[in-house]
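Residues per chain, in single letters:
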Amino acid sequence: MRSAVAILFLIETCLYAIASLTHAGFVLEGHEHRQAMIAEAVITAALLLGLISLGLDRSWSRTAAISAQSFALLGTLIGAFTIAVGVGPQTTLDYITHGVMILLLVTGLVWLARSRSASSLG
């Protein structure tokens, strides 16, 4: 199961990296937003560290992965809240992307929470 969780982490990491690059103006024009770009880059780094921790297969790997997912979910919920109150970007792409991000992160957290230890991920 660890490989499936790792694949989910990789998908999440890529999604956040693409979102950050989009908000930087490298992927799509008209979606630039500096604060969103920075937040998504930080979340990308956290998820990458979580992915690396799973690959190390240490006693603390599961905890590190759960921490990375939780941090990403908190940041994404804050981003969704700013969109809802009109502070962040207000595009359909942002709505859809945040919904997909939240769904993936919750799925990852449930998956990790159901495993008892890092060894049960392998």
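Here, every reference points to the structure presented above.
Residues numbered from 1 in each chain as written. Predicted model: local features only at pLDDT ≥ 70, side-chain atom pairs only at ≥ 80, totals over all residues. Heavy atoms only, no water.

Draft legend 1. Here's a closer look at the side chain of His31. Looking at the element boundaries, His31 is found in the loop between helix H1 (2–24) and helix H2 (34–56). Judged by relative accessible area, His31 falls into the buried class, the value being 17%. With near-sequence residues (within four places) excluded, His31 lies in contact with Thr22, His23, Thr91 and Leu93. (Helix = DSSP H or I, 4+ residues; strand = E, 2+ residues; numbered from the N terminus. Buried < 20%, exposed > 50% of the residue type's maximum accessible area, 1.4 Å probe, protein only. Contact = heavy atoms within 4.5 Å.)

Draft legend 2. Structural view of the nonpolar core. Counting residues in each nonpolar core, the largest one holds 16 residues, and the members touching the most others are Phe9, Tyr16, Leu47 and Leu105. Elements represented by at least two residues in this core include exactly H1, H2, helix H3 (61–84) and helix H4 (92–114). The contact partners of Phe9, leaving out residues within four places of it in the chain, are Leu47, Gly50, Leu51, Leu54, Ala65, Ala68, Gln69 and Leu112. (Core = buried A, V, L, I, M, F, W, Y, C linked by side-chain atoms within 4.5 Å.)

Draft legend 3. Focus on the environment of Ala64. By the element assignment, Ala64 lies in helix H3. On the accessibility criterion, Ala64 (25% relative accessible area) is partly exposed.

Draft legend 4. Layout of the side chain of Ser53. Positionally, Ser53 belongs in helix H2. You can call Ser53 buried: its relative accessible area is 3%. In contact with Ser53, other than residues within four places in its own chain, are Trp60, Ser61, Ala64 and Ala65.

Structural measurements only, silent on function.
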